[in-house]
Amino acid sequence: MAWEGESEYPNLDATPQALDAGIQGLGGGAGLSMELGKASFVPYNDIEHWRLVAFLDRLIDEVGEDEAHPLASLMELVGVLVERYEDEHVPELTGEAEG
């Protein structure tokens, strides 16, 4: 519920610079907001999957093992999206040689 004069939703027209400043304020590196905007989706094909994997790699580089980092929960969420896609679309290795 929004207060009088406030929107219920965040400003979806925020500039990339404003998003960068906000993410840097959370402890994120420069440019992560641009990737965040491009990576905030559920992957439905291999291209989208690999975009999320690349974004997850950036988050891992930024967050490391710091569970208290402001971007740690985002890293976990993106990891779940990647894992879900891989569970549904990537065949498991059986360890048996073909042939």
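Residues numbered from 1 in each chain as written. Predicted model: local features only at pLDDT ≥ 70, side-chain atom pairs only at ≥ 80, totals over all residues. Heavy atoms only, no water.

1. Some remarks on the packing of helix α3 (residues 46–63) against helix α4 (residues 72–89)
Helix packing for two helices is described by the angle between their axes and how far apart those axes are.
Then, in step 1: Look at α3 against α4: their axes get within 9 Å of each other, and the N-to-C directions meet at 150 degrees. Put simply, α3 runs roughly antiparallel to α4. For α3 against α4, the interelement crossing comes out left-handed. Touching Asp46, His49, Leu52, Val53, Phe55, Leu56, Leu59, Ile60 and Val63 of α3 are Ala72, Leu74, Met75, Val78, Gly79, Leu81, Val82, Tyr85 and Glu86, all from α4.
Then, in step 2: The residue makeup of the contact of α3 with α4, split by class, is 14 nonpolar, 2 polar and 2 charged. (Axes fitted to C-alpha atoms, helices over the stretch in contact; angles between N-to-C directions. Helix = DSSP H or I, 4+ residues; strand = E, 2+ residues; numbered from the N terminus. Parallel < 35°, antiparallel > 145°, perpendicular 65-115°, else oblique. Left-handed = near helix turned anticlockwise from the far one by under 90°. Contact = heavy atoms within 4.5 Å. Nonpolar A, V, L, I, M, F, W, Y, C, P; charged D, E, K, R; others polar.)

2. With respect to the environment of proline 43
Then, in step 1: The residue proline 43 is located in the loop between α2 (32–39) and α3 in this model.
Then, in step 2: Taking relative accessible area as the criterion, proline 43 reaches 4% and is therefore assigned buried.
Then, in step 3: Measuring from C-alpha to C-alpha, the distance between proline 43 and tyrosine 85 comes to 6.7 Å, with 42 residues separating the pair along the chain.
Then, in step 4: If near-sequence neighbours (up to four positions away) are discounted, proline 43 is found in contact with Glu48, His49, Leu52, Leu81 and Tyr85. (Buried < 20%, exposed > 50% of the residue type's maximum accessible area, 1.4 Å probe, protein only.)

3. Quick word on the confidence of the model for the chain
Then, in step 1: Of the residues in the chain, 56% reach a pLDDT of 70 or more, and the chain-wide mean stands at 73.
Then, in step 2: Within the model, pLDDT remains below 50 along residues 6–16, and this stretch shows 6 contacts once partners closer than five positions in the same chain are excluded. (pLDDT = per-residue confidence, 0-100.)

4. Here's the deal with α3
Then, in step 1: In this model, α3 (18 residues) spans 25 Å end to end at C-alpha, consistent with the 26 Å of a helix rising 1.5 Å per residue.
Then, in step 2: Every buried residue belonging to α3 is among His49, Leu52, Val53, Phe55, Leu56, Leu59 and Val63, and all of these are buried.
Then, in step 3: Residue asparagine 45 occupies the N-cap position of α3, its side-chain oxygen lying 3.0 Å from the main-chain nitrogen of isoleucine 47.
Then, in step 4: In the stretch just after α3, glycine 64 is the one whose phi turns positive, near 65 degrees. (Expected span 1.5 Å × (residues − 1). Polar contact = N/O pair within 3.5 Å; in protein donor to acceptor, adjacent residues only side chain to side chain.)

5. A few points about the side chain of histidine 49
Then, in step 1: Tracing the backbone through its elements, the reader meets histidine 49 in helix α3.
Then, in step 2: The contact partners of histidine 49, leaving out residues within four places of it in the chain, are Pro43, Val82, Tyr85 and Glu86.

6. Remarks on the nonpolar core
Then, in step 1: Ranked by size, the top nonpolar core spans 14 residues in total, and within it Leu52, Leu59, Leu74, Val78 and Val82 carry the most contacts.
Then, in step 2: Every element with two or more residues in this core is listed here: α3 and α4. (Core = buried A, V, L, I, M, F, W, Y, C linked by side-chain atoms within 4.5 Å.)

7. Regarding the pattern of salt bridges
Then, in step 1: Counted by the stated rule, this structure contains 1 salt bridge.
Then, in step 2: Across the pair arginine 84 and glutamate 88 runs a salt bridge, and its minimum N-O distance is 3.4 Å. Of this pair, arginine 84 and glutamate 88 both sit in helix α4, 4 residues apart, which is roughly one turn of that helix.
Then, in step 3: The class of arginine 84 is partly exposed, set by a relative accessible area of 37%. (Salt bridge = Lys/Arg side-chain N within 4 Å of Asp/Glu carboxyl O.)

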